[in-house]
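Coordinates in review
For reference, the chains in residue letters:
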Amino acid sequence: MLLAYPFRVLVPRRVAPETATSTAVALLLLAGAADLVPTPVVISLAAGAGATLAGLRLARLASRRCTDSSPRTAGVLLDAAVVAAGLTAVVLPLADGGHTSAVLVGSLVVAALSVTGLCRLAGRTRPSAGVRLRWLVESTGPAVGLALAGWLLLPRDGLPVSVRLVAALALGGLGMAALNAFAGPRRRSGAAVCRGGVLLTLGGLVLLATLLSMPAGRVALLAVPPLVLGMLLVAVGAVDAADAGDHQPAEPIAPAWPRSVLPAAVLLLVAGLHLGAGRATDPTSVLLALAAVPPLVLRELLRAAEVPVSERRAAHRRLAGNTVRHRHAAQPRWLGTSDHALAQPANAHSGSTGDLDGPAGASSAWSPDGGTAWPALARRPVVAGGGSPGDRAALLDALAAIGDVPVPSGALLLVDLHGTDGIGPTAREDVLAEAVLRARAVIASDDLVTGCTGTGFAVVTAAGPVLAYALGTRLLTALAPPFEVAGSVRRVQTSIGLAEVNGERPADVLRQAELARRRAVQLGRDRVEWYDAFLEEQLVRRLDLERELPGAVARGELDLVYQPVLDLADGQPVGAEALLRWRSPVLGTVLPAELLPVAEDLDLVGELEWWVLDRACRQLSDWAVGVRELWMAVNVTTRELTTPDFVQRAAAVLAAYGVPPERLVVEVSEPRVAGDLPTVVARLAGLRSLGVRTALDDFRAEHASLAQLRRLPIDLLKVGPELVGARPDGQPPLIDVVVNVGERLGVEIVAEELESSSQVEGARQGGCRYGQGFALARPATAERVEAYFEEFPSASR
């Protein structure tokens, strides 16, 4: 008991079995390394424990009662894969021979079952062909490097050269694929974790088959950690993916450097140990090292193909005839242009450059030593952001100068300052001037600083991407202290976007850095974000959405799924919420979280919401035959709700399908209500006068929200799971307050987004009457939901 108590306190209950199993396996490994327990016994016990726990987790997933069969199918297949891996690992140490053939068959079975299961797993993304090709090219070189490291590490004695080489290549490929899963885009999703676990499991089987035939049997213990960890991650990832479903959370963009730096670091470490031990270099090592060269050449050729020959020639002409030397003493405060030029509008700035040792029309940039030569042409288009064309021209020319060297290397950092709004142009310029002075202290003498936007500046450095990222962190530190502005102190936030200069066109590098900077703003500011190909994919995705969404209603591409709402007292269904899905033949299934922002920008929200209301009422009319008195909830935006004829149009839709008004629930999001509260109150009251029930969604238990709640004529109040659980400060859950207010106002509480049995129980104990979420019932088509309703003896409420 004395040992169990701290274990329960320190280890979350959800991962307690995995933690206990990992601890037991670690103790087994120590016993095996000390020769206290035979190696075959250690391998069999460890693999059996990992496979048993992972199998139980996946068996529970396979037996879940849900409206969508895909998670259950994935659970069955992945459960079979884990069991096959465990049996292979248990049998191998006990077999007298035939390790290679046995592990080959076992690995093929595990791989086939795993791939099939992963294809049925929720949250799986499918990048475009161009992105997949780029990932393949960029991963091949590091994979060969890991294979070389495996070749150097695998023992020579007792292993045939062919077996050693095949094992090294397999480990290199599986290791790089696992690194892409754990450090690539969507790395925090359950599908990525599950995929990485499958790859670790296969890598452990390869190691086990390779090392078991060695005279020193204890070396085979090295296969146990990836094997057991991989099986556990398969189960954890599959369960997380099933719990998240289609609602995958947003996450930070994955930096590219781990997938390049980590394999290189491993190879350097292994090579150093190899040479330090006095071992000679064999021909296979040389061939593997040479094999890493073609992928690097192919990568550079692909990048070079994106740069037009005409631009390269133009860059050489600029370097030959338009180089300007800028004097530090002649530069004004921070942009490198005169105060007169700074005051001119953007369309007049290109004709005047202030105090420069150069011809009219040359833009000005600034370098710390005051004498670095930078090509500068002012008459170029503005590519992104604000700022003057001259500043942008200097920036583009500096990028072109770096990109035209035989081996292009460098980076662009776009630095944006937040918190200077409302202080006046003079004070804002003072802040920018002080910011650049601070930047001077951390940048190299040959780095360029130039104007970029009205609230920031750009840094062009010849340093590589890793050093450039370190420079970005130093800039964040330098700009963190508050600024003194007109006798007061003002603190600003900084967002930095980083893009590598590696042969891309200058305009593309600038666009990439701007995308990274925007991402830094979205993720909370005071951070450096590295451009990644996934950012580009997001941009293309957005453009595709904007192109395909208009006309989707007319083409019949919209669909509804329905998530049941249950009475928490007896578990009986009382209604359902209609959820929009766009089944695009080009883009696949698009969820509202991605769809609605685009629809708002294209002014298509009204068209979509009236389609949803019409289709939901028609479905209610169809359900009236066999499923009675269940209500249907539809979501509307405040923009559409506040239109003058909303109540009349809603009444017309109900009348067209003969649906009783009390069976319709109109939901509006609470955070958006305050913008036009009187009109929202009037429309909700008009709906209630028809008999339609109204609901307030996304309710936050804040003082302003509680005060606002008293003015809204609503019947249902929907709260998230964050109000159900205990608060970190030890105070009672906020759901108690909400339920008390609801009882006084005659409002019933619906707990939504319930994804675990503990959240369901917390909502029930907290006094919520209704519940909705994956832990109760998943969204599904009308036919499946109707079949689900028929499982209950009485579905009338």
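Details of the structure are given in the entry above.
Presented here is an overview of the structure given in this document. (Residues numbered from 1 in each chain as written. Predicted model: local features only at pLDDT ≥ 70, side-chain atom pairs only at ≥ 80, totals over all residues. Heavy atoms only, no water.)

1. Comments concerning the overall build of the protein
We apply this condition: Labels follow the DSSP assignment, with helices taken as runs of H or I lasting at least four residues and strands as runs of E lasting at least two, numbered in each case from the N terminus. Type-normalised accessible area, obtained with a 1.4 Å probe on protein chains alone, sets the label of each residue: buried when under 20%, exposed when over 50%, and partly exposed for intermediate values. In what follows, residue pairs with any heavy atoms lying within 4.5 Å of each other are defined as contacts. Accessibility throughout is a Shrake-Rupley quantity obtained with a 1.4 Å probe, and a residue counts as covered only by protein chains that appear here.
Of the regular secondary structure elements, the protein holds 29 helices and 18 strands. Expressed as a percentage of the 797 residues in the protein, the buried residues total 50%. A separation of at least 24 residues holds for 73% of the contacts in the protein among residues at least 6 apart in sequence. Total accessible area on the protein stands at roughly 35,700 Å², and carbon and sulfur atoms take up 60% of it.

2. Regarding the pattern of salt bridges
Quick reminder of the rule: The term salt bridge refers to a side-chain nitrogen of Lys or Arg lying within 4 Å of a carboxyl oxygen of Asp or Glu.
One pass over the full model with this rule turns up 23 salt bridges. Measuring nitrogen to oxygen at the nearest pair gives 2.6 Å for the salt bridge that ties arginine 639 to aspartate 603. Of this pair, arginine 639 sits in helix α23 (residues 638–641) while aspartate 603 is found in the loop between α21 (592–601) and α22 (605–623), placing the two residues 36 residues apart along the sequence. Accessibility expressed as a relative area gives 52% for aspartate 603, which makes it exposed. Glutamate 667 is the salt-bridge partner of lysine 718, the closest N and O atoms lying 2.8 Å from each other. Here the residue lysine 718 occupies a position in strand β16 (residues 716–719), and glutamate 667 occupies one in strand β14 (residues 664–669), the gap between them amounting to 51 residues.

3. Digging into the packing of helix α7 (residues 161–183) against helix α8 (residues 190–211)
Formally: What counts as an axis is a line fitted to C-alpha atoms, over the stretch in contact for a helix, and the angles between N-to-C directions run from 0 to 180 degrees. Throughout, the term roughly parallel applies to angles under 35 degrees, roughly antiparallel to angles over 145, roughly perpendicular to angles from 65 to 115, and oblique to all others. Left-handed describes a crossing in which the near helix is turned anticlockwise from the far one by less than a right angle; the clockwise case is right-handed.
At a minimum axis separation of 8 Å, α7 and α8 run at an interaxial angle of 160°. Judged by the inter-axis angle, α7 sits roughly antiparallel to α8. When the axes of α7 and α8 are compared, the crossing they make is left-handed. Residues Ala167, Ala170, Leu171, Leu174, Ala177, Ala178, Ala181 and Phe182 of α7 lie in contact with α8, whose contacting residues are Ala192, Val193, Arg195, Gly196, Gly197, Leu199, Leu200, Leu202, Gly203, Val206, Leu207 and Thr210.

4. Section: the side chain of glutamine 772
Relative to the helices and strands, glutamine 772 resides in the loop between β18 (770–771) and α29 (782–790). Since its relative accessible area comes to 3%, glutamine 772 is described here as buried. Not counting the four nearest positions on each side in its chain, glutamine 772 is found in contact with Gln563, Pro564, Val565, Glu577, Lys718, Ala751, Glu752, Glu753 and Leu754.

5. Topic: the pairing of strand β9 (residues 527–530)
The condition is simple: In this description, strands pair whenever DSSP reports at least two bridges between them. Crossover handedness is defined by viewing with both strands directed away from the observer: a clockwise path from the first strand over the helix to the second marks the crossover as right-handed.
Pairing of strand β8 (residues 493–500) with β9 involves four bridges; the strand directions are parallel. Within β9, the residue paired with isoleucine 496 across the bridge is valine 528. Between the parallel pair β8 and β9, the chain is carried across by helix α19 (residues 506–522), and the sense of this crossover is left-handed.

6. Let's talk about α21
The criterion, for reference: Here, the arc refers to the directions that run from the helix axis to the C-beta atoms.
Every buried residue belonging to α21 is among Leu595, Val598 and Ala599, and all of these are buried. Mapping the buried residues of α21 onto a view down its axis gives an arc of 105°, with all of them on the same face. Turned more than 90 degrees away from the buried face of α21, the exposed residues are Ala593 and Asp601. Aspartate 603 lies just past α21 and shows a positive phi near 60°.

7. Here we look at the packing of aromatic side chains
What counts here: Two aromatic rings, drawn from Phe, Tyr or Trp (for Trp, its six-membered ring), form a pair once their centres lie within 6.5 Å of each other, and the interplanar angle then sorts them: stacked below 30 degrees, edge-to-face above 60, tilted otherwise. Either the NZ atom of lysine or the CZ atom of arginine qualifies as a charge over a ring when it sits within 6 Å of the ring centre and within 35 degrees of the ring normal.
Within the structure shown, the criterion is met by seven aromatic pairs. With a centroid separation of 6.2 Å and an interplanar angle of 70°, the aromatic rings of tryptophan 631 and tyrosine 770 are classed as edge-to-face. With tryptophan 631 in strand β13 (residues 631–636) and tyrosine 770 in strand β18, the pair connects residues that are 139 residues apart, well separated along the chain. Residues tyrosine 788 and phenylalanine 792 carry aromatic rings whose centres are separated by 5.3 Å and whose planes lie at 75° to one another, so their mutual orientation is edge-to-face. Of the two residues, tyrosine 788 and phenylalanine 792, neither departs from the other in class, the shared state being buried. Among the aromatic residues, those joined into a ring-pair cluster are Tyr562, Trp623, Tyr788, Phe789 and Phe792. Over the ring of tryptophan 151 we find arginine 164; its NZ or CZ atom is 3.7 Å from the centre of that ring. Cation over ring: arginine 649 sits above tryptophan 610, and NZ or CZ is 4.0 Å from the ring centre.

8. Section: the nonpolar core
Here is the rule: Throughout, nonpolar core names a set of buried Ala, Val, Leu, Ile, Met, Phe, Trp, Tyr and Cys residues whose side chains join them through atoms within 4.5 Å.
Formed by 78 residues in total, the largest nonpolar core has its most connected members in Tyr562, Trp582, Leu687, Leu696, Leu712 and Leu717. Residue contributions to this core peak at 10 residues, all from α22. Once residues lying within four places of it in the same chain are set aside, the contact partners of leucine 696 are Val668, Ser669, Glu670, Val673, Leu709, Leu712, Ile714, Leu716, Leu717 and Lys718. One finds Leu29, Ala81, Leu211 and Leu212 within the second-largest nonpolar core, a separate group that totals 57 residues.

9. Some remarks on a negative patch on the surface
What counts, and what does not: Like-charged residues within 9 Å of one another, or nonpolar side chains (Val, Leu, Ile, Met, Phe, Trp, Tyr) within 5 Å, are grouped into patches, provided each residue has over 30% relative accessible area and no salt bridge. Residues counted as positive are Lys and Arg, residues counted as negative are Asp and Glu, and His and the chain ends are not counted. All charge positions are set by atom: Lys at NZ, Arg at CZ, Asp at CG, Glu at CD.
Negative charge collects at one region of the surface, where Asp698, Glu722, Glu753 and Glu755 lie side by side. The class for aspartate 698 is partly exposed, based on a relative accessible area of 34%.

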